[in-house]
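Single-letter residue listing:
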Amino acid sequence: MASNMDREMILADFQACTGIENIDEAITLLEQNNWDLVAAINGVIPQENGILQSEYGGETGQGPAYGPASHSSASASAPSSSAFRPVVPSRQIVERQPRMLDFRVEYRDRNVDVVLEDSCTVGEIKQILENELQIPVSKMLLKGWKTGDVEDSTVLKTLHLPKNNSLYVLTPDLPPPSSSHAGALQESLNQNFMLIVTHREVQREYSLNFSGSSTIQEVKRNVYDLTSIPVRHQLWEGWPPSATDDSMCLVAAGLTYPCHQLTVGRRSSPAPAREESEECTDVHMVSDSDGDDFEDAPEFGVDDGEMFGIASSALRKSPMMPENAENEGDALLQFTAEFSSRYGDCHPVYFIGSLEAAFQEAFYGKARDRKLLAIYLHHDESVLTNVFCSQMLCAESIVSYLSQNFITWAWDMTKEANRARFLTMCTRHFGSVVAQTIRTQKTDQFPLFLIIMGKRSSNEVLNVIQGNTTVDELMMRLMAAVEIFMAQQQEDIKDEDEREARENMKREQDEAYRLSLEADRAKREAHEREVAEQSRLEQMRKEQEEEREAIRLSLEQSLPPEPKEESTEPVSKLRIRTPSGEFLERRFLASSQLRVVFDFVASKGFPWDEFKLLSTFPRRDVTQLDPNKSLLEVKLFPQETLFLEAKE
């Protein structure tokens, strides 16, 4: 019989030969063949005419036949050894399928999953781990092999490994990671860098804040939003030599903390890729093409404007808002970004969200927190738009006043689909009259500024401001709207305070009433418990009395008859004084046991476990005497006076 170690080797060989990964199934097949490896393999692998021919044309018993497992034949009985012999199969007939092995490798606080064919070596696992863990192979000890330590050149197939394996890496030559170093790294990632980016063509500076964990690619994309220079056309100056990859975070790029100067411009023309690699050694001086900018790439690699020596941003502008945007919040995000890139960062804070959400924010909070709603309607084709946005809407006084007193929401009316969508929203929230008023506005009358005040039953449009206005006039009309709103707000605050006072009083009354009900219920429950307890005690007392009475009657009936005075037998006459002063008198035969006297006293309501019977001269406790002795023996003859006393 094979030992446990031999069985493990046989099981591993059987799985390697047949490709059966289910251990239970493999053990069952081996047990059916009494752990005969050759017989088990021949019973599983399908063979033609019972014998596989070797490439030498004869039969041989050099080793097991390798081939794909036939799981359908696993349940069939094993054929006899005379019909099937182990042979080395021809490569043209049976090809061994590669067996995949899974390794879970643990190193400190990390786990790495490795999947390899069993034809690979241990060294190949280490090479994969070197890339994953950044540990040199020479410093790495791979442990956890069931056969002990193995060489890097060892082929995995020779180790007879199961499908899933667990290993671990030791690095005795490397110092353990420093917690202080990890903390310092995390602190560096949380630092904020101020990047001062100068747009070379327009001589304008942008002050941008980025966390240390932001990447260089994120910086370039943000600069694209501000300058409309696609990432692939950006020409940079000022990146440190260590910044060699756009995926590198700012902490690792070697920037000057906390402030770093950069300059960006547009390339005059896109150079061929080969020339770029030869002429530009700093990958950040000319940024590579990025997937986010692919839609901006011209068909032949040159912008239309650049063909004539004109910057493309001068010929076309990105739309303020995508056409047919499904999500209003996403549309407002693009609107805000595009507005900032055109007119600068000093502009009204646009509410990001749907118009309904803007209503909720402006009108449906507490009365003291409510604001007016300003709806800015933009139109790129109006000649007034640029002047209105740059000189009036972005004026610091207007921006500050809007921020304090208004929730500002915006929409782009340039595209017909977006215009129709807003008119639908306008009809739903303000009615058809306001929608018709906006519908009749001509393009040159845009942009429009709608001032909305929320009322109890509806939303009222206080003012419609057209684009042909001045800063002073715009401010006056905004202030006039705020005056109307504040008068209404004071009434709303008063009504709200009165309503809250009434609600508070009602809550206090309800609370007092609830507490009163709880107190009454507690009293009633306490009284009911007291009555129930009294009833229970009374019932117990009654049951005890009935039990005592039943015992008394039983004892009374069991007493022998009282002998007569003229009886010929010796008679003892006992006189017993009760605690109440009454006397019990009775005659007993002198031969009667003392127990009969105790039963007589108990039948009169004085059980001897509660009372003791005492004699006078000499004073003694009769209840302590042997109850089986006769009255004559305990000297209660011919007569005696006794008295009852309750036990303590």
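Within any chain, residue numbers begin from 1 and follow the written order of that chain's sequence. Only residues with pLDDT of at least 70 are given local features in this predicted model, and only at 80 or more are side-chain atom pairs given and counted; all residues enter the totals for whole chains, interfaces and linings. Excluding hydrogens and water, the side-chain values take into account all heavy atoms of the structure.

- An unreviewed UniProt entry lists the protein under the name FAS-associated factor 1, with Phascolarctos cinereus given as the organism.
- Under the UniProt heading Function (unreviewed entry), the note attached to the protein is "Ubiquitin-binding protein. Required for the progression of DNA replication forks by targeting DNA replication licensing factor CDT1 for degradation. Potentiates but cannot initiate FAS-induced apoptosis."
- Checking UniProt for the protein, the heading Subunit (unreviewed entry) contains the comment "Interacts with CDT1 and ATPase VCP/p97. Interacts (via UBA domain) with FAS (via death domain). Interacts (via UBA domain) with NLRP12 (via DAPIN/PYRIN domain)." UniProt positions are given in the numbering used here, feature names are shortened, and annotations may be inferred rather than shown by experiment.

1. Considerations on the sheet that holds strand E3 (residues 141–143)
Link 1 in the chain: Read across the sheet, 4 strands follow the order E2-E1-E4-E3 without closing on themselves; strand pairing throughout is mixed. The open sheet has two free edges, formed respectively by strand E2 (110–117) and E3, since each of these has just one partner strand. When the angles between neighbouring strand axes are averaged without regard to direction, this sheet yields 30°.
Link 2 in the chain: Strand pairing is defined by DSSP finding a minimum of two bridges between the two strands. Every helix listed is a DSSP run of H or I at least four residues long, and every strand listed is a run of E at least two residues long, numbered separately from the N terminus. Of the strand pairs in this sheet, strand E1 (residues 100–107) and E2 are connected by 8 bridges, and their pairing is antiparallel. Across the sheet, residue leucine 101 finds its bridge partner in E2, namely leucine 116.
Link 3 in the chain: Every residue pair with non-hydrogen atoms within 4.5 Å of one another is taken to be in contact. Axes, fitted as lines to C-alpha atoms, cover a helix only where it is in contact. Angles between the N-to-C directions of the axes lie from 0 to 180 degrees. Helix H4 (residues 122–133) contacts E1, E2, E3 and strand E4 (164–170) of the sheet and is inclined by roughly 140° relative to E2.

2. Let's talk about the pairing of strand E15 (residues 611–615)
Link 1 in the chain: Within E15, 4 of the 5 residues are buried, leaving the element largely enclosed by the surrounding structure.
Link 2 in the chain: For E15 and strand E17 (residues 639–646), the ladder comprises 5 bridges, and the chain directions are antiparallel. In the strand pairing of E17, lysine 612 is matched with glutamate 645.
Link 3 in the chain: Two successive antiparallel strands, E15 and strand E16 (residues 620–621), enclose a turn made up of 4 residues. Relative accessibility decides the category of a residue: with a 1.4 Å probe and only protein chains considered, values under 20% of the type maximum give buried, values over 50% give exposed, and everything between is partly exposed.

3. Here we look at the nonpolar core
Link 1 in the chain: If you look at the biggest cluster of nonpolar residues, it comprises 58 residues, and the most contacted ones within it are Leu373 and Trp409.
Link 2 in the chain: Nonpolar cores were defined as sets of buried Ala, Val, Leu, Ile, Met, Phe, Trp, Tyr and Cys residues, with membership established by side-chain atoms within 4.5 Å. In terms of nonpolar packing, the next biggest core, distinct from the first, is built from 21 residues, Leu101, Leu116, Leu129 and Trp145 among them.

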